[in-house]
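# Architecture and fold: a report
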Amino acid sequence: MTGKERREQLLTIGRTLFAERGLDGTSVEEIAAAAGVSKPVVYEHFGGKEGLYAVVVDREFERLLALVTDALNSAVHYRGKLEKAALALLEYIEENPDGFRIIVRDSHGGTGTGSFASLLSEIAGEVEYVMAQELDRHDYDEKFAPMYAQMLVGMVALTGQWWLDARKPKREEVAAHMVNLAWNGLSGLEPRPSLDPRRRRKELERQKSRAAKEAAREEKAAAKEAAKEEKAAARAQRKHRPADDDLPERIDETTTEPAR
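Along every chain, residues carry numbers that run from 1 in the direction the sequence is written. In keeping with the predicted nature of the model, local features appear solely for residues at pLDDT of at least 70, side-chain atom pairs appear and are counted solely at 80 or more, and the whole-chain, interface and lining totals rest on all residues. Based on all heavy atoms of the structure, the side-chain values leave hydrogens and waters out of the count.

Time to look at the confidence of the model for the protein chain. The predicted structure's coordinates, where accompanied by low pLDDT, should not be read in detail. Confidence in the prediction for the protein chain averages 86 pLDDT; 88% of positions are at 70 or higher. What pLDDT conveys is the predictor's confidence in a given residue, as a value from 0 to 100. Any pair of residues with heavy atoms lying within 4.5 Å of one another is described as a contacting pair. Counting interchain partners and residues more than four positions distant, the pLDDT-below-50 stretch residues 108–113 has 13 contacts.

Here you go:
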């Protein structure tokens, strides 16, 4: 191999081993053995396992940051930005599980590498201006944009960590549900969230139709109950009305006695 090819081989092997065992659980001997080289070759390229680990983490850090940043910039509508960013993270996790396992670990002391927290802070910085614009559009105080950005990024990141092992449901469905909560809040959750705006419109139309039918049923039931109560009241009134036989006899003052 050329020096460049050997370096890439060591990075690939180191990435796999670090994902499985972490920095402390991986030795230079294991890296060298997996690559079929001697330990001095690893030291020659990276100065040791810490140097190799630092390069691996930095590569994954930059790759994921670029994916999420591009996703945020590729959509115009705010909901679309959130959808694409969530989907970009899940796609990265699905396609690069080893890389994500490495960067979600805190950086090892002395390596100088970025931690998962610092990665999330970088992404939150990209989201912050989006939040500021959205808050301003609703006449809210945009000074809270950094806080809301951290909330959104944290929710997506923690969901990604969970999904790394769960892998169910599919990434598009997970992204749709994340956006559902972030965009609508608990009080306005969509029963069947989707990343497809046409499906969302159809579902909204179905919801309105169901709501209209339910309102019509309730109105019909209320009218039926009112009619029932009216009939009951009429029956009660008839029951308490005195019969003709119970009325006192009246004397017709205009009747005269027959002449004797």
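Once the structure has been displayed, the description carries forward.
Think of a nonpolar core as a cluster: buried Ala, Val, Leu, Ile, Met, Phe, Trp, Tyr and Cys residues, connected wherever their side-chain atoms sit within 4.5 Å. Here the term buried applies to any residue with accessible area under 20% of the maximum for its type, exposed to any over 50%, and partly exposed to those in between, with areas from a 1.4 Å probe on protein chains only. Leu-10, Phe-18, Leu-64, Ile-93, Phe-100, Leu-119 and Val-127 are the most contacted members of the largest nonpolar core, which totals 55 residues. Non-local contacts of Leu-10, meaning those with residues more than four positions away in its chain, are made with Ile-31, Ala-35, Val-37, Val-41, Val-42, His-45, Phe-46 and Leu-52.

Here we take up the packing of aromatic side chains. Pairing of aromatic rings covers Phe, Tyr and Trp, the last through its six-membered ring, and needs centres within 6.5 Å; plane angles under 30 degrees mean stacked, over 60 mean edge-to-face, and all others mean tilted. Taken as a whole, this structure holds two aromatic pairs when the rule is applied. Here Phe-18 and Tyr-53 contribute two aromatic rings whose centre-to-centre distance is 5.0 Å and whose plane-to-plane angle is 90°, an arrangement assigned as edge-to-face. With Phe-18 in helix H1 (residues 3–21) and Tyr-53 in helix H4 (residues 49–73), this residue pair connects regions lying 35 residues apart in the sequence. A residue is classified by how much of its surface remains accessible, and Phe-18, at 0% relative accessible area, is buried. Where Tyr-92 meets Phe-100, the ring centres are 6.3 Å apart and the plane angle is 70°; that geometry is what we call edge-to-face. Classification of Phe-100 as buried rests on a relative accessible area of 0%. Helix and strand definitions here come from DSSP, where helices need a minimum of 4 consecutive H or I residues and strands a minimum of 2 consecutive E residues; each element is numbered from the N-terminal end.

Moving on, we get to the pattern of salt bridges. Note on pairing: side chains with opposite charge can pair once their charged atoms come close. Salt bridge, as used here, is a side-chain nitrogen of Lys or Arg placed within 4 Å of a carboxyl oxygen of Asp or Glu. Scanning the model with the defined rule gives 19 salt bridges in all. Here Glu-60 ties to Arg-63 by a salt bridge, and the two come within 3.8 Å at their closest N and O atoms. Taken as a pair, Glu-60 and Arg-63 lie in helix H4 at a separation of three residues, close to a single helical turn. On the basis of relative accessibility, which here comes to 2%, the residue Glu-60 falls in the buried class.

What follows deals with the environment of Leu-135. Within the fold, Leu-135 resides in helix H7 (residues 116–137). Given the relative accessible area of 8%, Leu-135 is considered buried. Sequence-wise, Leu-135 and Tyr-148 are 13 residues apart; in three dimensions their C-alpha atoms are separated by 9.6 Å. Contact partners of Leu-135, with chain neighbours within four places excluded, come to Tyr-140, Asp-141, Glu-142, Phe-144, Ala-145 and Tyr-148.

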